[in-house]
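Structural characterization, general
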Amino acid sequence: MKWSEKLGMRGLMAGGMVFLFLCGMVHAQKTTLIVKAGENGKAISSDLFGVFFEDLNYAADGGLYAELIQNRSFEYSPTEQSDWHPLKFWELVKRGGGDGSVNVAEMRPIHENNPHYALLVVRRPGEGVGLANDGFDGIPVTGGEAYEVSFWTYQAFMGEMWGRGDQSRAMPVTVRLETRNGELLAEAAFQIKGREWRRVSAKLKPSRTVPDARLVLLAHEMGGLALDMISLFPEKTFRNRPNGLRADLAQAVADLQPKFMRFPGGCLVHGGGVRRFYNWKETVGPVEQRRARRNLWGYHQTMGLGYYEYFQFCEDIGAKPLPVVSAGVSCQHAGSSPNRGQEGLPMDEMPAYIQDILDLIEWANGPATSKWGAKRAAAGHPEPFGLKYLGVGNEDAITPEFKERFKMIYEAVKARHPEIVVVGTVGPFPAGRDYDEGWAFARELKLPLVDEHFYMAPRWFWDNLSRYDRYDRQGAKVYVGEYAAHDRDRRRNSLRSALAEAAGMTGFERNGDVVQFASYAPLFARRGHTQWHPDLIYFNGTRVFLTPNYYVQQMFSRNSGDRALEFELQRDAQNGPLAVSVVRDSRSGHLILKMVNGGDAAVPVSVQLNGLPDREFPVTRTVLTGPGPDAFNVDDQPPAVKPVAEEIRLRPAFEQELPSHSLIVLRVRP
Ligand code: AHR
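Just so it is clear, the model here is predicted, and its values are computed rather than measured. Here the residue numbering is sequential within each chain, running from 1 through the sequence in written order. Only residues with pLDDT of 70 or above have their local features reported here, since the model is predicted, and side-chain atom pairs are shown and tallied only from 80 upward, although totals for entire chains, interfaces and linings are computed over all residues. With hydrogens and water set aside, each side-chain value is computed from the structure's full complement of heavy atoms.

1. A short note on the pairing of strand E20 (residues 389-392)
- Residues Tyr-389 and Gly-391 line one face of E20 and the alternating positions Leu-390 and Val-392 line the opposite face, and both faces are buried.
- Relative to E20, strand E19 (residues 320-325) runs parallel, the two sharing 2 bridges. Counted as the bridge partner of Val-324 is Gly-391 from E20.
- Where E20 and strand E21 (residues 421-425) come together, 3 bridges link them in parallel fashion. Across the sheet, residue Tyr-389 finds its bridge partner in E21, namely Val-421.
- Think of it like this: strands point away, you trace from the first strand over the helix to the second, and a clockwise trace means the crossover is right-handed. Numbering goes from the N terminus for both helices and strands, where a helix is a DSSP run of H or I of at least four residues and a strand is a run of E of at least two. Crossover E20 to E21 through helix H6 (residues 400-416) is right-handed. Categorising residues by exposure relies on relative accessible area from a 1.4 Å probe, with only protein chains included: less than 20% of the type maximum marks a residue as buried, more than 50% marks it as exposed, and the intermediate range marks it as partly exposed. Strand pairing requires that DSSP identify at least two bridges connecting the strands.

2. Some details on the layout of surface pockets
- Space inside the largest pocket adds up to approximately 790 Å³.
- Cavity means a closed set of points on a 1 Å grid over the protein atoms alone, one where a 1.4 Å probe fits but cannot get out, pocket means an open set with protein on both sides within 12 Å along at least 5 of 7 lines, and lining means a residue has an atom within 4 Å of a point. Considering the residues around the largest pocket, the lining is formed by 36 residues, among which Pro-242, Asn-243, Gly-244, Val-287 and Glu-309 are closest to the centre.
- Breaking the lining of the largest pocket down by element, the ones donating at least two residues are strand E10 (147-156), strand E15 (223-234), helix H3 (307-317) and helix H5 (371-378).
- Ranked by residue count, the leading element in the lining of the largest pocket is H3, at 5 residues.
- Under the convention adopted here, Pro, Cys and the residues Ala, Val, Leu, Ile, Met, Phe, Trp and Tyr are nonpolar, Asp, Glu, Lys and Arg are charged, and Gly plus all remaining residues are polar. Classifying every residue of the lining of the largest pocket by side-chain character gives 16 nonpolar, 8 polar and 12 charged. Grid points are joined across faces, edges and corners, and a volume is the space filled by probe spheres set on the points.

3. Things to note about the nonpolar core
- By nonpolar core we mean a set of buried residues, namely Ala, Val, Leu, Ile, Met, Phe, Trp, Tyr and Cys, connected to one another through side-chain atoms within 4.5 Å. Residues Phe-53, Tyr-307, Trp-363, Phe-406, Phe-508, Phe-524 and Leu-663 are the most contacted members of the largest nonpolar core, which totals 120 residues.
- Per-element tally for this core: the top contributor is helix H4 (residues 350-365), with 9 residues.
- Other than its neighbours up to four places away in sequence, Trp-363 contacts Trp-280, Val-284, Tyr-307, Tyr-308, Phe-311, Trp-372, Gly-373, Lys-375, Arg-376 and Phe-385.
- If you look at the next biggest cluster of nonpolar residues, it comprises 37 residues, including Trp-90, Val-122, Ile-139 and Leu-217. The contact criterion used is simple: two residues touch if any of their non-hydrogen atoms lie within 4.5 Å.

4. Quick look at unusual backbone geometry
- At the junction of Phe-263 and Pro-264, the peptide bond is cis and its omega measures out at -5° in the coordinates.
- Among the secondary structure elements, Pro-264 is positioned in the loop between strand E16 (260-263) and strand E17 (293-294).
- In this chain, Ala-521 is followed by Pro-522 through a cis amide linkage whose omega measures -15°.
- In this fold, Pro-522 is placed in the loop between strand E24 (515-520) and strand E25 (524-526).
- Positive phi is not limited to glycine here, since Phe-74 has a value of about 55°.

Interpretation in functional terms is not warranted from these geometric data alone.
This is how it looks when you write it as C-alpha cells:
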C-alpha cells in the first residue's frame, strides 16, 4: 500500500474507535487492541439479546407446541389451503370386515369457538372401525416413554348420522399407536357411554422407538361416536408443563439464555386483516374452547400455543415477555386501499379494540381478584407474569390512519398503565420513507422505544458497524426486532452471514445505551415446511439442527454485560473487516471481549487490558470458525461450524490470533 493510500485511510475509521497508526515504515502495522479495563465504561442494556418467535415455517403447530396429532379438532379448512377440509389428515379405517363411515358435524359442538367435530358411524364392527392420523409427517415416539392420548366424545345415535346401536350399552373403543405397517406399539381401551361431551384420556407407552408412527382410534360395536380434540402429547414436555412445549426445541431456545422473547409476530399480528387481527383472547382458556384459525402464513393455528403458554415459557427460561399487538391497521401488503393496501379498523370499533389491549395487561399483571387476572389464575398462574413491554404495530406503513390509531392505543396504555413501555414501529427497512416518518412520529410522541428491522446482505452489516454510534442519546431507544444477514444464496445460512450478524451485534453492544433489545428473525423452521430462509433453528420430527447463526446468538447472549468499555483498535488497513466490542458483567465482574474477523486471513492481535493488575487471570476462550465463509451446518452431519471453548490463563497483555472468518469471545475473570 502506498503512503498516499495509507493517509487516505484515515477517513475510513469504522466504529469511531478504529485508529490507523502510521509508524513511518512501509511494514504492515500490527493490530493492537487497547481496552480501558480499569474503567467503568458506560451503562448498557443488560437485556440486549433475546429471541423473536413467530408461527411461521410450522414453528408452533408441528413445531414448538408438543401436540403430535395434526388437525386434532377437525377445524382445517379450504381457507387455509385449497385442498384442506375438516377431515384432512384423518383416514377412515375399517379393520377385519368392519364397515362404517365418518362425517363432519357441527350440531352439538364442544364450544362455539370449536364448531366442527367428527361423527363416526359403525355399521359392522368387524375388528374395529375408526380414524387414523399420521401427525406432522409421522408421529415420532420413543420406546418406553409415556404419551397421553385424550379425546372428547359422546355416544351418537339415530338422528345423528344414523348411528344405531344399543343406547344402554357403552361403546368400546381402543386407541393404538402403530407403525406404518400396522405393528402395535401401544394400546389403551375405553368404554364410552352417555350423550354429553366428556374428555377421556390414557397413558400409552410405545414398545419401541419409531420416527413415523400413527394413531388409530377404533370403535368396536355398532353405533355412533362424536369425536373431537383427539390429542397425543409426550409426557416429557419442556419443564413437564401440561399442554406444553416440545422439549428439545424449547431447550434450544433456553440454551440461548434469551433476556426477552417477542411473540407472536411479525406479520402474524396483522392476522386476517381488520376485525381479524391476531386476538390474544382467543388463545387463552381451555384448549377446546380456543378459536383455531388460519395462520397468516397460509396454514393452521390451533392456538394450543397461546398467550398463557408464551408467558409461561418466558417465565420458565427467564426471558421478559414482549407481546406485540396490531396498531389497529392491517398489513399494507394485504389489501388494495390507497394507503399501500393498509386498512384501519373503523374508528367506532377502536375503543373495544383498545379495551382488548388493556385487558391483556390486566390478564398478565392484574391480581387474581381482577376480571382478567382471575382468568390467568384459573389457568394455573395466580401470580402476575410481570409484563413490562408491549409492542404496538409491526413494520407498518406510517400513514395518517396508522398514526391516528397508534396514538389512541399509546395514549390509552400510557394513561391506564404508565408502568408499561410501549414499543413503536418504524417500518420494514433500515432506511427510507417509513423509517424516516416512523422516527419523526416517535419523536413527536416521545416514544420510549421503537422497533427497527433489517434483512440485509452481509456486506451491509459490515458497512454499518457505526450505525448506532450516530443515534440521538436523548431520543427513543431502539429494539432491533428482526434482523438477519441474507447471503448471496438467500436460502442458506453460512458462516459469512453469521459473522456479519456478529459484527452488527458488536455495534449493538457498543451502543447498548441506545439499542435496548435485539432479536434475530425468524427463529424456527420445520424441514419440509420452510417458507422463509434463512432461519435460526431448523428441525424435523425428531431432531434439531443448529445453524452458525444460532451459535453467534448464543455466544453473544451468554456473554452479555451491563457496561460497555472503551477501547482502541489500532489496525493494519490491509487486514480484512474486523469488529470488536468489550463489556463488563457487573454481577460477576467478568470482562468480556468479542472479536470478529470477517477476512480471508488470520489476524494476530496484541491485546492490552489496561488497568488490570499484572498477573494471570483465568479466561474462557470460545472460538467459532469453520472451513470457509460459505460453510454451513448440513443436517444429519456433525456441524461444520460450532463453537469450541477452552479454559486458559492470560496476563493483561497477550497475543491473540483471530483465525480467518471467526468470532472469538474471551471471558476474563479478573
Ligand atoms: O420474520 C419474518 C417476517 O419478516 C416477519 O413476519 C415480518 O415482520 C418481516 O417482514
